[in-house]
Structures are given as C-alpha cells and as structure tokens.
Amino acid sequence: MTKIWNESLLSTSTWPTSCKIAHIDPLPKVENPKEYCECRGINVTHVIGRCFERTVYHYHSKRSFEAELSSSQFAYRIGGCSTDALIKLQYMYLKALEEPNCDAVRLIAMDFSKAFDNVKHAKLSEKLKSSPMNPYLVNWYLNFLKDRRQRIVFQGTTCKWKDINKGVMQGTVTGPHFFNLFINDLEIKNCSNTPLVKFVDDSLLLVPILKNTQDCSSKAIDEFKDWSESNSLPLNESKCKEMTILKKGRSEDCVSPIYGFERHSSLEILGLTFEMTSRFEKCVKKKLVKANKCLFVIRKLRNEGYSQDELDLLFRSLVLSQLTYDLSVIAASPPE
C-alpha cells in the first residue's frame, strides 16, 4: 500500500489502472422501473482507490477545492448543508419583498438533464488546470479522469467494458467535488438583482418583480442557458418550473408567466415545500401526517413488547427527525 501510494501521488502522479475501472450498479429511482432512465448508475470502484481519494481530499485538496467556491454554491463544503441553502433562499426573497417597489419574487427552478453523467472530462480538465490547486494534485486528478472504463453488472449479467470520457462518477469520493468545481462559474452577471442558489445540480433563480421596471426573468434564463450550452451540460426544460412569491395584497396577475416554463402554486425544494404566500402550511401538514403514521407504527410495536430504548430510537429516527428538519426555515416564515 505504501509503495503504491508513493508511486501514485508522489513520484508519477498516476493512478493504478485497477483503480480506474468501475462496475455500474443500477439503482432504481422509482418503485418499479421499466426504462433505463428510471435507474441511477452508481460506480462501485476499488476500495483502495476510494481510500486514496478520501485521504488526498481531506489532507491535501479540500482547502483548494473549497477556497474558490462562490457564495451561491452549497453542498459538499463546510457551511453548505441543505438548511443553509434554504435559509439563504428564504432570506433573499423576504428581503426583496420588503422593498417598497417590489410586488413579487419569481422563483425559477432550473433542471439539468443527467447532470452528473454529462460533465465532459475535457472541460472539467480545463477547470482543474485553472484552479489554485497544487500542480502535482492537478496532474494526479487529471490522470484519475484519463482512460477510465466501466461496465454494468446487474442480476448476474455482466456487460462489456466501455471507455468513458464524461461523467463525475457517482459513488466515488471525488465525484461531487468535481461537480462543484465544474458549475462554480455558473453565475447570473447581466442581472444584478437576480441571485442564484446552487445545491449540487439543483439551481434556483430569484427574480424580483419591480414596479415600473422591466422584468429581467427571460434575460437571466437566457444567460443560464448560454452557460449550459457552452459547458455541454444540457437543460431538461420540461422539468424547469417557476413559482411566484407574492407580497401581501398582490395577485398573481401582476406577474406574466414565462414561456415554456410550467407555473406552480407551490414548489418542493430540497425536501421543503415553498408556497406563494411565503408560508409552509402544506409542508407542515405533510410532516404531521407522516409523523402520525410513524407514531401509529410505534404504538403497535410497543404493544408487541418492544423495549423503551428501542421505541425511543425509532421515535428519534422516524418522528423527531421528520418534524425538526428545516424547522429554522419554517419558523422564520411571516405571520398571517
């Protein structure tokens, strides 16, 4: 192990060939998948390779990866959990609604098509080279991307090996950090009052609708599309959605719909349902219904003789976690 480590990182900046191959385990995204697009391919890589990845990232490249990340980028970084992203999102639209000339805030959820699978290695390599990372680490990661092969292994069937030149390898340690680096330069610069929140492949645009001011929603979306095309990361426009958060006393008629984008009265973002009224009544109701079902199961298990310690563990895992998730965001919603 020590010899492989020294040769790989310190002497040659290369990866062992056996650590650059992967078996793809298709995990269903729905209960009964019928098409390949209803499964998510997870890379099952060499355990030694994953140990190398984890060690190098935590001790050598973590600071470099996170140092250049923009404030709009969340996930896989310190201070970047889903609650942090939701708090910032809520703060930005509530702050915008406080402005006297703001009637509403348009919330636009953009959706990439197979984001993790469509990252081109050539483009990712360019961004790695322009990062402030140590050149030895850059070369090591470039070799990590080079000559990768994978095959699908599923229910006793093994496919042939295929060379790959795109994708950030879901199931690897480095994959999510590669994706963060890849979309880090995605920003809306032509509309100064249009903030962006990114959480992995979920991107949200906030466009304030101001009185006597031209709506720049289309301009912001065009800039987002331009980045998508120039980075070969296609959008799935059929899944892009919009919702208008209204100032109290305003009607939805004050905001014209965006062509081609489906408008919703509520929008689920990172497990939390946002509503046009800035409140979370639907979300709270859903939480209570789920918690009540779990409590019913726990009561049945108590009757079956489960110990109090076991019931407490189930309560914390199934009920308390459900009720307290993003409670800080729900509690900050404006009163009726």
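Numbers given for residues are sequential positions, taken from 1 along each chain in its written order. A pLDDT threshold of at least 70 governs which residues receive local features in this predicted model, and a stricter bar of 80 or more applies before side-chain atom pairs are shown or counted, although totals over entire chains, interfaces and linings include all residues. Hydrogens are left out, water is left out, and the side-chain values use all remaining heavy atoms of the structure.

Draft legend 1. Up close: the overall build of the chain. Looking only at helices and strands, one finds 10 helices and 13 strands in the chain. Counting only C-alpha atoms, the chain reaches 70 × 65 × 40 Å along its principal axes. Classification of the 336 residues of the chain by burial places 42% in the buried group. When checking whether two residues touch, look at their non-hydrogen atoms; a contact exists if any pair is within 4.5 Å. Within the chain, counting contacts between residues at least 6 apart in sequence, those at least 24 apart form 67% of the total. Approximately 18700 Å² of the chain is accessible, and the part contributed by carbon and sulfur atoms is 52%. Helix numbers and strand numbers start at the N terminus; a helix is a DSSP run of H or I with at least 4 residues, a strand a run of E with at least 2. Relative accessible area decides the class of each residue, using a 1.4 Å probe on protein chains only: under 20% of the type maximum gives buried, over 50% gives exposed, and in between gives partly exposed. In these tables, accessible area is a Shrake-Rupley quantity obtained with a 1.4 Å probe, and a residue counts as shielded only by the protein chains included in the view.

Draft legend 2. Spotlight on the domain arrangement of the chain. What the domain assignment reports for the chain is domain 1 (1–278) and domain 2 (282–332). Residue ranges assigned to each domain were obtained from an automatic or database domain assignment. Centre-to-centre separation of domain 1 and domain 2, based on C-alpha positions: 31 Å. Defined in terms of a 1.4 Å probe, buried area is the accessible area two parts forfeit on being brought together, summed over both. Buried area between domain 1 and domain 2, summed over both chains or domains, comes out near 940 Å², and the portion from carbon and sulfur atoms is 51%. Of all residues in domain 1, Gln90, Leu272 and Thr273 bury the most surface against domain 2, accounting for 43% of the area lost on that side. Any carboxyl oxygen of Asp or Glu that lies within 4 Å of a side-chain nitrogen of Lys or Arg is treated as forming a salt bridge with it. In this structure, the connection of domain 1 to domain 2 is made through 1 salt bridge.

Draft legend 3. Representation of the pairing of strand 5 (residues 148–154) within the structure. Two strands are counted as paired when DSSP detects at least two bridges linking them. The sheet contact formed by strand 1 (residues 21–28) and strand 5 spans 4 bridges and is parallel. Note that in strand 5 the partner of Ile21 across the bridge is Arg149. Across 3 bridges, the pairing between strand 5 and strand 7 (residues 162–164) is antiparallel. If you follow Arg149 over to strand 7, its bridge partner there is Asp163. Direction of pairing for strand 5 relative to strand 6 (residues 157–158): antiparallel, over a ladder of 2 bridges. Across the sheet, Val153 pairs through a bridge with Thr158, a residue of strand 6. What sits between the antiparallel neighbours strand 5 and strand 6 is a turn of 2 residues, in which Gln155 has the positive phi angle 50 degrees.

Draft legend 4. A look at the environment of Ile108. Mapped onto the secondary structure, Ile108 falls in strand 4 (residues 102–111). When its relative accessible area of 0% is taken as the criterion, Ile108 is described as buried. Separated by 133 residues in sequence, Ile108 and Lys241 have C-alpha atoms that sit 5.8 Å apart. For Ile108, the contacting residues outside a window of four places in its chain are Ser203, Leu204, Leu205, Val207, Ser217, Ile221, Lys241, Glu242, Ile258 and Phe261.

Draft legend 5. Examining the packing of aromatic side chains more closely. In summary, the pairing rule links any two rings of Phe, Tyr or Trp, Trp by its six-membered ring, whose centres are within 6.5 Å, and it sorts them by plane angle into stacked for under 30 degrees, edge-to-face for over 60 and tilted for everything else. Using the criterion set out here, one finds 15 aromatic pairs in the structure. For the ring pair Phe65 and Tyr141, a centre distance of 5.8 Å and an interplane angle of 70 degrees mean the geometry is edge-to-face. Placement of Phe65 in helix 2 (residues 47–67) and of Tyr141 in helix 5 (residues 135–145) is noted, with a sequence separation of 76 residues between them. The same class applies to Phe65 and to Tyr141, which are both buried. Judged by centre distance (6.0 Å) and plane angle (55 degrees), the ring pair of Phe144 and Phe178 falls under tilted. A residue pair is termed long-range when its members are at least 10 positions apart, and Phe144 in helix 5 and Phe178 in helix 6 (residues 175–182) qualify at 34 residues. Phe178 shares its class with Phe144; the two are buried. Within the aromatic cluster, the residues linked to one another by ring pairs are Trp15, Phe52, Tyr57, Phe65, Trp140, Tyr141, Phe144 and Phe178. Directly above the ring of Phe144 sits Arg148, whose terminal nitrogen or CZ lies 4.4 Å from the centroid. Whether a charge sits over a ring comes down to the Lys NZ or Arg CZ being within 6 Å of the ring centre and within 35 degrees of the ring normal.

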